[in-house]
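# Observations on chain architecture
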Amino acid sequence: MIFLVRHGETEWNLVRRYQGWGDSPLTARGVAQAGAIGRRLRALSEAAAAPVVASPLGRARRTAALIQAARGDATPVAFDERLKEISIGDWDGLDRDEIAERSPGIFERHAYGEWYFDCPGGETYDGFAGRIAAWLDETRGRTLIAVAHGIVTRVARGLYAGLPRAEALSLPVSQEAIWRLTDGRIEAIAV
């Protein structure tokens, strides 16, 4: 069973800047979101003692530490490179207007969410989904809490439930939710 969460709100989320492998600090709201997720996980019997694994990017690391603190768990967080957000290559750290300036029509040429896989120097869908699938396969049969990113949570849920790619890429990516992945099903748990 996997309890999948997205990192708390960041400064760049506020200004709609795409982080990719770049990073920005959590906002006060992001800190509060992480604490609320930790308290909610502490109240779930299946998650109360589950280990935490996170993306090594700063925003996920900070969220994971705050979750652990709110759970009252001093166990160190494990980090897994496969949980890193998608790299959008040369566009990591740019906003929508800056990307559109560099590649006119990029957002119009692609179905929802597909532009992420058409970035100069960025990851392809197959490469990105491959690393997420490998992580899912390795965690099969274990109970854990995973702290990751928006596109990671979309693709992971899609792969886990066998959803079509387009459906997976349009899944919600709330920073105030927990997704329980168990028995091939996905359940959203409100925080």
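What counts, and at which threshold
- Residues numbered from 1 in each chain as written.
- Predicted model: local features only at pLDDT ≥ 70, side-chain atom pairs only at ≥ 80, totals over all residues.
- Heavy atoms only, no water.
- Axes fitted to C-alpha atoms, helices over the stretch in contact; angles between N-to-C directions.
- Helix = DSSP H or I, 4+ residues; strand = E, 2+ residues; numbered from the N terminus.
- Parallel < 35°, antiparallel > 145°, perpendicular 65-115°, else oblique.
- Left-handed = near helix turned anticlockwise from the far one by under 90°.
- Contact = heavy atoms within 4.5 Å.
- Nonpolar A, V, L, I, M, F, W, Y, C, P; charged D, E, K, R; others polar.
- Expected span 1.5 Å × (residues − 1).
- Buried < 20%, exposed > 50% of the residue type's maximum accessible area, 1.4 Å probe, protein only.

## Here's the deal with the packing of helix α2 (residues 28-43) against helix α3 (residues 58-71)
- Their axes nearest at 7 Å, the elements α2 and α3 cross at an angle of 45 degrees. Classified by the interaxial angle, the pair formed by α2 and α3 is oblique. The crossing of α2 and α3 is right-handed. Contacts from V31, A34, G35, I37, G38, R39, L41 and R42 of α2 reach α3 at R62, T63, L66, I67, A70 and R71.
- The class makeup of the residues in the contact of α2 with α3 is 7 nonpolar, 3 polar and 4 charged.

## Brief notes about α3
- Over its 14 residues, α3 extends 20 Å from the first C-alpha to the last, a length consistent with the 20 Å expected when each residue adds 1.5 Å.
- Buried within α3 we find R59, A60, T63, A64, L66, I67, Q68, A70 and R71.
- Phi for G72, located one or two positions after α3, is positive at around 70 degrees.

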